[in-house]
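# Coordinate analysis (summary)
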Amino acid sequence: MTPLQYAIAACDTMMRRYAAADLPPKGHFHYHQGVFLSGMYETYRMCGNEAYIDYVKAWIDAVFDADGRIRDYVHGDLDDIQPGILLFPVYDRTRDPYYLKCLASVAAEVRDIPENAEGGFWHKTDLKDQMWLDGLYMAGPFCTEYAQRFGDAALARKVVHQAQLMEQKTRDARTGLMYHAWDGARQEPWADPATGRSAEFWGRAMGWVPVALLNDLDFLAPDVPGRDDLARIATDLLRALCRYQSEDGRWYQVVDKGGQPGNWLENSCSCLYVAGLCKAIRKGYLDASYAENARRGYEGVVRSLEWREEDLLIGHVCIGTGVGDYRHYCERPVSVNDLHGVGAFLLLCTEMQRLLDMGA
């Protein structure tokens, strides 16, 4: 099967399981649905199956009211901004001004994200001064596309600033990897009292970074100050991650501690890393020699898949998690066909197919 055929199988499996409005957490405007539906939209772009974009639109219609307001969300939390990116293709397809109202609702949420003293977004409104790697994915791609379409240069600069701050606060000079989170107040149990950094390099957190930054670059004008930093941050991290790729081709839940007791190969981070590698190569940010790492990662994920009749099962995926120590990450439950995992898998498949189509 080709990568695109795997993506189609995954989309069809999930559509048989859920009506669009029932995607969990049902009714809540949240990144779980957002990452899955983003992957479905990318699959639609490649195969042209109208059922996929109709499914994306059906979910959007279920989570906004008649006035274009989000029905259920946590105002100012980064996790509840990410699905806003789905509004752009839905509006482009329908040209219905209703979806401009929906876009305005999400943009209003962005304006109310709490910030620390350096202008960094809090990850959640109840996590004072904390920045998590995940946050680059939750807000950046929506903000950059919104900024391009509506001429908001200040918002574009703010996205760049978030990435620069995140690198400054979380990047480890020795490994080149990025810690999961940073606590500006140095008060959380997981925070190093000197640096504020968390203790471990968690797989999926780092996976969001190149996916987000490479998306941002699609919409940032060449003259945006600091734009080149985003390409450098993404590719520096991807290169560092390749040094920790396992013989299987996938990456471990705690990336730098492969083979240690309790650690395990995790599919969602592996999917996101490969998606990032493929896009970075395709866009010319990364040398084509890294296509071999992408191929090995893709094959490792595909070998782990299972089938139940016509349904494709994507397992070995960490459920959502907070910040913690090594044992915390290793003991997180795994899931099959949760939206994190399927969304990451769809991004992997569509980017791998694009790279193959280039002849890489």
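Residues numbered from 1 in each chain as written. Predicted model: local features only at pLDDT ≥ 70, side-chain atom pairs only at ≥ 80, totals over all residues. Heavy atoms only, no water.

By secondary structure assignment, the location of Arg 296 is in helix H11 (residues 291-304). A sequence separation of 101 residues divides Arg 296 from Thr 195, and the C-alpha atoms of the two residues are 35 Å apart. If sequence neighbours within four positions are ignored, Arg 296 has contacts with Gln 245, Ser 246, Glu 247, Asp 248 and Gly 249. Looking at Arg 296, its side chain comes within polar contact range of the side chain of Gln 245, at 3.3 Å. (Helix = DSSP H or I, 4+ residues; strand = E, 2+ residues; numbered from the N terminus. Contact = heavy atoms within 4.5 Å. Polar contact = N/O pair within 3.5 Å; in protein donor to acceptor, adjacent residues only side chain to side chain.)

Using the criterion set out here, one finds 31 salt bridges in the structure. Among the ionic pairs, Asp 92 bridges to Arg 149, the shortest N-O distance being 2.7 Å. A residue pair is termed long-range when its members are at least 10 positions apart, and Asp 92 in helix H4 (residues 87-94) and Arg 149 in helix H6 (residues 134-150) qualify at 57 residues. For Asp 92, a relative accessible area of 32% puts it in the partly exposed group. A single network of salt bridges, built from pairs that share partners, joins Glu 42, Arg 45, Arg 282, Glu 351 and Arg 354. (Salt bridge = Lys/Arg side-chain N within 4 Å of Asp/Glu carboxyl O. Buried < 20%, exposed > 50% of the residue type's maximum accessible area, 1.4 Å probe, protein only.)

Attention shifts here to the packing of aromatic side chains. Going through the model one piece at a time under the given rule, you end up with 13 aromatic pairs. An angle of 35° between the planes, with centres 6.1 Å apart, marks the rings of Tyr 41 and Tyr 44 as tilted. Within this pair, Tyr 41 and its partner Tyr 44 are both found in helix H2 (residues 31-47), separated by 3 residues, close to a single helical turn. We classify Tyr 44 as buried; its relative accessible area is 17%. Through a chain of ring-to-ring contacts, the aromatic side chains of Phe 88, Phe 142, Tyr 146 and Phe 150 assemble into a single cluster. (Phe/Tyr/Trp six-rings, centres within 6.5 Å; stacked < 30°, edge-to-face > 60°.)

Roughly 680 Å³ of internal volume is contained in the largest pocket. If you go around the largest pocket, you meet 31 residues; those closest to its centre are Tyr 41, Glu 42, Arg 45, Asn 215 and Asp 218. Of all the secondary-structure elements, those providing two or more residues to the lining of the largest pocket are H2, H4, H6, helix H8 (203-219), helix H10 (267-282) and helix H13 (339-357). Looking at side-chain class alone, the lining of the largest pocket contains 15 nonpolar, 4 polar and 12 charged residues. (1 Å grid on protein atoms, 1.4 Å probe; cavity = no way out; pocket = protein on both sides within 12 Å on 5 of 7 lines; lining within 4 Å. Points joined across faces, edges and corners; volume = space filled by probe spheres on them. Nonpolar A, V, L, I, M, F, W, Y, C, P; charged D, E, K, R; others polar.)

Looking now at H10. Along an α-helix, a turn takes 3.6 residues, which lines up residues three or four apart on a common side. In a regular helix each residue adds 1.5 Å, so 16 residues correspond to 22 Å; H10 covers 22 Å between its end C-alpha atoms and thus fits that length. With 15 of 16 residues buried, H10 is to be regarded as a mostly interior element. The first or second residue beyond H10 is Gly 284, which carries a positive phi of 85°. (Expected span 1.5 Å × (residues − 1).)

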